[in-house]
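In case you want the letters, here they are:
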Amino acid sequence: MSEVFGKLLEVEPRAWITLIVIVALSTIGFISLSRTKDNTSSTLRTKKVVYGGICMSISFVLSYIRIFHLPQGGSITLASMFPLVLYSMLFGPMAGIVAGIAYGFLQLIQDMWVINIAQLLLDYPLAFGCIGLAGLAPKAIKNVYLRTSLALIIAFFGRGFMHVVSGALFFGEYAPEGVRPLIYSLSYNGVMIFGELIITLILALILVGTPVYNNFKKLAIPSF
């Protein structure tokens, strides 16, 4: 258990400062929203920013709760992607992609593993930006369990694709002798993505069946 939460106890001061700033701004925005009518476009834009900050903060903290850490970077965490997937489901893919890209840059504070600018872009802003693709799950799907599952699969596939491309291009030297870089990257990143997907699916499907999810959804977009 100490290994799972150990990284959370080792968070650098700059990470806490970043998190505190995001939470503070989100709180200010939330208080402002509570005094504003819900039927204006400016209110919706403000909600996107405020809820984006809230979901990024939760994801950031959860990303430090590691169940398994891979040697060349990447971890299986306690469903750290789900808050951003939920945000994308509520506010759409474009808002989700923007929040994911911002979150990707936040991840550079954690365990930065950078070889060059192309690899940095693939493994951080582009990979995490793909989480926003969860918003492509059709709202016409009324079954919340089915839509959540589809959104998670889309998000994880998008993020995984970027990591696989990065691994094949820039981490091929770590592949065992006789193993092609692409196969190595697929297996390495597949362990991380599939493991996290299973954990996230289990927790997400439990959560969306509770009043907490329904209240969060109604506060974000009453007419959803």
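Here the residue numbering is sequential within each chain, running from 1 through the sequence in written order. Only residues with pLDDT of 70 or above have their local features reported here, since the model is predicted, and side-chain atom pairs are shown and tallied only from 80 upward, although totals for entire chains, interfaces and linings are computed over all residues. The basis for every side-chain value is the complete set of non-hydrogen atoms in the structure, without hydrogens or water.

Side note on the overall build of the protein chain
1) Next: Every helix listed is a DSSP run of H or I at least four residues long, and every strand listed is a run of E at least two residues long, numbered separately from the N terminus. The helix and strand inventory of the protein chain stands at nine helices and two strands.
2) Next: Listing every helix and strand of the protein chain by position from the N terminus yields α-α-α-β-β-α-α-α-α-α-α.
3) Next: Buried residues in the protein chain amount to 46% of all 224 residues.
4) Next: The criterion used for residue contact is that any of the two residues' heavy atoms lie within 4.5 Å. Put simply, of all contacts in the protein chain between residues at least 6 apart along the chain, 71% involve residues at least 24 apart.
5) Next: Accessible areas in this description were obtained via Shrake-Rupley with a 1.4 Å probe; residue shielding takes into account the shown protein chains only. As presented, the protein chain carries roughly 11,600 Å² of accessible surface, and 72% of it is formed by carbon and sulfur atoms. Note on exposure labels: buried denotes an accessible area under 20% of the residue type's maximum, exposed denotes more than 50%, and partly exposed covers the range between, all computed with a 1.4 Å probe on protein chains only.

Side note on a nonpolar patch on the surface
1) Next: On the surface, a cluster of nonpolar side chains totalling about 810 Å² of accessible area is made up of Ile67, Phe68, Leu78, Val191, Phe194, Ile198, Ile202, Leu203 and Ile206.
2) Next: Here the nonpolar patch takes six residues from helix α8 (residues 181-207), the largest share from any one element.
3) Next: Looking at the element boundaries, Leu203 is found in helix α8. Within this analysis, patches are made of residues with over 30% relative accessible area and no salt bridge. Like charges are joined at 9 Å or less; nonpolar side chains (Val, Leu, Ile, Met, Phe, Trp, Tyr) at 5 Å or less. Put simply, a salt bridge is a Lys or Arg side-chain nitrogen that is within 4 Å of an Asp or Glu carboxyl oxygen.

Concerning the packing of helix α4 (residues 82-91) against helix α7 (residues 144-170)
1) Next: Under this scheme, a helix contributes an axis fitted over its contacting stretch, all axes are lines through C-alpha atoms, and angles between N-to-C directions fall in the 0 to 180 degree range. The contact between α4 and α7 brings their axes to 10 Å, and the two run at 115°. When the interaxial angle is binned, α4 and α7 end up roughly perpendicular. Crossing hand, α4 versus α7: right-handed. Contacts between α4 and α7 involve Phe82, Val85 and Met89 on the former and, on the latter, Arg147, Thr148, Ala151, Leu152 and Ala155.
2) Next: Throughout this entry, Asp, Glu, Lys and Arg are counted as charged residues, while Ala, Val, Leu, Ile, Met, Phe, Trp, Tyr, Cys and Pro are counted as nonpolar. The remaining residues, Gly among them, count as polar. Looking at the contact of α4 with α7, its residues break down into six nonpolar, one polar and one charged. Small angles under 35 degrees read as roughly parallel and large ones over 145 as roughly antiparallel, with 65 to 115 read as roughly perpendicular and the rest as oblique. Should the near helix be turned counterclockwise from the far one by less than a right angle, the crossing is left-handed, whereas a clockwise turn marks it as right-handed.

A look at the packing of aromatic side chains
1) Next: In this scheme Phe, Tyr and Trp rings, the latter by its six-membered ring, pair at centre separations within 6.5 Å, and the angle between planes marks the pair as stacked below 30 degrees, edge-to-face above 60, and tilted otherwise. The final tally for this structure, using the stated rule, is seven aromatic pairs.
2) Next: On the numbers, 5.2 Å between centres and 75° between planes, the contact of Tyr51 with Phe216 is edge-to-face. Placement of Tyr51 in helix α3 (residues 41-62) and of Phe216 in helix α9 (residues 211-220) is noted, with a sequence separation of 165 residues between them.
3) Next: Here Tyr51 falls in the buried class, since its relative accessible area comes to 3%.
4) Next: Through successive ring pairs, a cluster of aromatic residues spans Tyr51, Tyr87, Phe91 and Phe216.

Thoughts on the nonpolar core
1) Next: In this structure, Val85, Phe91 and Leu152 are the most contacted members of the largest nonpolar core, which totals 40 residues.
2) Next: Elements with a minimum of two residues in this core: α3, α4, α5 (93-110), α7, α8 and α9.
3) Next: It is α4 that provides the largest number of residues to this core, a total of eight residues.
4) Next: In this structure, Leu152 is in contact with Phe82, Val85, Leu197, Thr200, Leu201 and Ala204, ignoring residues within four places of it in sequence. To define a nonpolar core, start from buried Ala, Val, Leu, Ile, Met, Phe, Trp, Tyr and Cys residues and group those joined through side-chain atoms within 4.5 Å.

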